[in-house]
Amino acid sequence: MFRLIPRQEKFFDHFKEAAQNALGGAQALKEMFDHYRDPQESWKRIVDFEHEGDKITHRIMRMLNQTFITPIDREDIHALTTALDNVMDAIEAAASRMVLYKIEGVTPEAKKLCAIIVTSAEQMVKAVSHMPKLEDVEEHCIEINRLENAADEIYREATAALFDGERPPLDVIKWKEIYEILETATDRCEDVANIVESIALKNA
Amino acid sequence: MFRLIPRQEKFFDHFKEAAQNALGGAQALKEMFDHYRDPQESWKRIVDFEHEGDKITHRIMRMLNQTFITPIDREDIHALTTALDNVMDAIEAAASRMVLYKIEGVTPEAKKLCAIIVTSAEQMVKAVSHMPKLEDVEEHCIEINRLENAADEIYREATAALFDGERPPLDVIKWKEIYEILETATDRCEDVANIVESIALKNA
Amino acid sequence: MFRLIPRQEKFFDHFKEAAQNALGGAQALKEMFDHYRDPQESWKRIVDFEHEGDKITHRIMRMLNQTFITPIDREDIHALTTALDNVMDAIEAAASRMVLYKIEGVTPEAKKLCAIIVTSAEQMVKAVSHMPKLEDVEEHCIEINRLENAADEIYREATAALFDGERPPLDVIKWKEIYEILETATDRCEDVANIVESIALKNA
């Protein structure tokens with residue numbers, strides 16, 4: 001006797017896996033910023049999460065090519081997979097700048113942004129896990145939206161503060177970009193939320 | 001006797017309302033830059049438009065969840081609503097930077113960009129009001145495209161001019177970002193135009 | 001006797017034309033950076049490619065409005081046309097900054113990025129030419145993805161190097177933007193690849 005596992009569950013499993021991997025990357029980023037002991041080593045750990053994310057992406061794409069009937073539209077699977085990958089990419093990009101720009105210490109605002117990224121990624125895992133029913137994903141999407149606004153608020157204050165102090169211009173340029181990338185990570189979570197909502201609406 | 005108001009008209013009404021609200025925000029931004037008397041106060045007024053926009057967005061989303069048969073695809077309603085919201089967000093972001101970066105005076109180029117944003121938002125109201133027939137929206141979409149090009153031209157010249165003068169680097173960084181955000185507002189109008197066109201094509 | 005040319009071939013011909021035009025622009029950009037003799041003149045040549053691209057775009061849009069039955073979804077024709085146009089726009093934007101910012105010499109990293117843009121545009125021509133069958137476009141899309149990663153790597157190193165030297169801050173700001181735009185050109189090629197993949201999946 002055998003059980004035929006429906007293909008659709010597998011797709012949703014892989015989305016969840018990609019979201020959880022991005023959450024792992026977010027947590028590693030927060031740890032990097034909170035302690036900031038060996039930035040090079042922390043970056044490497046985050047790059048590992050990025051590579052794991054790439055593997056999940058390729059697995060979904062291969063499955064997509066081998067599956068005739070998909071639980072949601074093929075192009076939506078493609079869009080969601082790409083969006084989940086983009087979250088991980090933004091997290092890795094933030095870590096990379098700390099090393100490449102030889103940043104010696106972390107600002108409190110950067111730590112706050114990392115904490116929001118983790119919370120947003122947690123909500124993203126929940127939204128993706130509860131797909132595709134709209135009523136189940138919506139509260140998480142609204143929360144991701146709220147977190148993106150909170151991150152934008154911190155980003156604005158932090159960037160404005162860069163100009164207030166005695167910082168040399170090159171330092172301002174570096175930190176402005178780091179704050180931007182951290183804020184972008186919450187934008188990418190919001191992109192995922194928008195796609196999850198859009199898929200839920202389509203399949204309502 | 002009663003009349004059954006078709007749901008679709010309501011959706012289109014709300015899109016128009018969101019576009020008109022963004023136009024209101026654009027006009028408030030132009031006034032802020034033209035006179036530049038009490039930037040903090042002007043910013044507050046624009047934040048009010050942003051909050052009004054958020055309310056309209058939520059109203060559309062709620063209606064979307066309660067409506068079985070929609071006049072255009074559910075995911076297109078979602079995409080257009082988000083795009084209209086993004087226009088308003090860019091306008092508010094521009095105003096915020098003037099206050100947060102403690103900008104003391106306005107450049108002629110910034111005023112020109114604000115004027116283009118108003119004109120582009122006017123065209124956006126017309127395009128959205130004439131949905132969904134392609135022949136009715138197209139001229140406005142073409143005009144929005146032209147205005148985006150004009151804004152890009154001014155943005156380029158204005159940014160290049162920042163490097164020509166005696167401006168201190170931190171000042172250059174601030175103004176470069178303000179010009180960028182102003183130009184982005186016309187990009188966001190173009191995004192709306194693209195979605196309106198795409199919806200028109202789908203429903204042709 | 002006459003042959004009725006099916007409409008769909010025409011659409012695919014025009015996509016190919018747009019991709020080839022962007023490749024022409026990319027090659028002109030590489031030549032500009034490799035020799036850097038008369039930047040103003042080189043920029044003009046690239047603007048010619050951009051205008052040619054606009055003409056192709058308008059031709060596709062007009063055909064779209066006059067065609068009842070399209071080989072792929074109308075909104076996908078619209079999305080792909082816009083994405084191809086965006087590649088050309090990024091290439092022109094890079095050229096423009098060299099002139100507007102009065103850049104006197106070219107860095108080796110900028111030349112490397114131009115070389116990647118050309119290779120990526122070549123792959124884009126191939127992907128677009130082999131539409132819409134997934135197995136025929138996929139290897140080119142994967143290659144475009146790989147090239148985008150390579151460009152990002154160079155962009156990071158190049159930007160980090162800007163801070164290491166003795167460059168004045170205003171110079172750093174200028175070059176940082178130029179590197180960003182060059183990297184963006186490869187992102188735009190990736191957007192095209194994503195849309196081509198998405199269309200292939202939809203029509204699988």
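Scroll up to find the structure this text is about.
To keep things clear, this report deals only with the structure shown in the data block. Treat the numbers as computed from the prediction; the structure is a model and nothing was measured.

1. Considerations on the packing of helix α3 (residues 74–100) of chain A against helix α5 (residues 134–164) of chain C
Part 1: Relative orientation of the contacting elements α3(A) and α5(C) amounts to 35 degrees, with a least axis distance of 10 Å. α5(C) is crossed by α3(A), and the crossing has right-handed handedness. Between α3(A), through E92(A), A93(A), S96(A), R97(A) and L100(A), and α5(C), the contact on the second element is made entirely by Y155(C), R156(C), E157(C) and A160(C).
Part 2: Here the contact of α3(A) with α5(C) is composed, by residue class, of four nonpolar, one polar and four charged.

2. Points about the relation of the copies chain C and chain B
Between the two copies of this chain, the relationship is a rotation about some axis together with a displacement along it.
Part 1: Least-squares fitting of chain C to chain B yields an RMSD of 0.0 Å, with the transformation described by 0.0 Å of translation along the axis and a rotation of 120 degrees. Taken together, the rotation and translation relating the two chain copies correspond to the operation of a three-fold axis. Relative to the rotation axis, the closest C-alpha in chain C is found at P169(C), a distance of 3.7 Å.
Part 2: Different-surface contact between copies: only 11% of interface residues of chain C are shared with the interface of chain B.

3. Things to note about the interface of chain C and chain B
Part 1: The partner chain B presents 19 residues to the 19 residues of chain C that form the contact.
Part 2: Across the chain C/chain B interface, buried area totals approximately 1700 Å², and carbon plus sulfur atoms make up 60% of it.
Part 3: Along the contact surface separating chain C from chain B lie three salt bridges.
Part 4: Across the salt bridge formed by D164(B) and K102(C), the nearest N and O atoms sit 3.1 Å from each other.

4. Here's the deal with the environment of E153(A)
Part 1: Inspection of the secondary structure puts E153(A) in helix α5 (residues 134–164).
Part 2: Separated by 30 residues in the primary sequence, E153(A) and E183(A) have C-alpha atoms spaced 9.5 Å apart.

5. So, the interface of chain A and chain B
Part 1: Residue-level contacts link 20 residues of chain A with 19 residues of chain B.
Part 2: Its largest share of buried area at the contact with chain B, chain A owes to R156(A), F163(A) and L201(A), together 41% of the area lost on that side.
Part 3: The interface formed by chain A and chain B holds six residue pairs in polar contact (both at pLDDT 80 or more) in total.
Part 4: For the side of chain A that touches chain B, the elements supplying multiple residues, two or more each, are α5 and α6 (169–202) of chain A.
Part 5: In the side of chain A that touches chain B, the residues fall into nine nonpolar, three polar and eight charged.

6. A look at the packing of aromatic side chains
Part 1: Counting across every chain of the model gives nine aromatic pairs over all chains.
Part 2: Relative to F15(A), the ring of F12(A) has its centre 6.0 Å away and its plane inclined at 70 degrees; by these criteria the two rings are edge-to-face. Of this pair, F12(A) and F15(A) both sit in helix α1 (residues 7–35), three residues apart, which is roughly one turn of that helix. Comparing F12(A) with F15(A), the two get one shared label, buried.
Part 3: With 5.3 Å between their ring centres and 40 degrees between their planes, W175(C) and Y179(C) make a pair best called tilted. You can see W175(C) and its partner Y179(C) sitting in helix α6 (residues 169–202), four residues apart, about one turn around the helix.
Part 4: Classification of Y179(C) by relative accessible area gives buried; the value is 1%.

Analysis parameters
Residues numbered from 1 in each chain as written. Chains lettered and ligands numbered in written order. Predicted model: local features only at pLDDT ≥ 70, side-chain atom pairs only at ≥ 80, totals over all residues. Heavy atoms only, no water. Axes fitted to C-alpha atoms, helices over the stretch in contact; angles between N-to-C directions. Helix = DSSP H or I, 4+ residues; strand = E, 2+ residues; numbered from the N terminus. Left-handed = near helix turned anticlockwise from the far one by under 90°. Contact = heavy atoms within 4.5 Å. Nonpolar A, V, L, I, M, F, W, Y, C, P; charged D, E, K, R; others polar. Least-squares fit on C-alpha atoms with pLDDT ≥ 70 in both. Buried area = accessible area lost by both parts, 1.4 Å probe. Salt bridge = Lys/Arg side-chain N within 4 Å of Asp/Glu carboxyl O. Polar contact = N/O pair within 3.5 Å; in protein donor to acceptor, adjacent residues only side chain to side chain. Phe/Tyr/Trp six-rings, centres within 6.5 Å; stacked < 30°, edge-to-face > 60°. Buried < 20%, exposed > 50% of the residue type's maximum accessible area, 1.4 Å probe, protein only.

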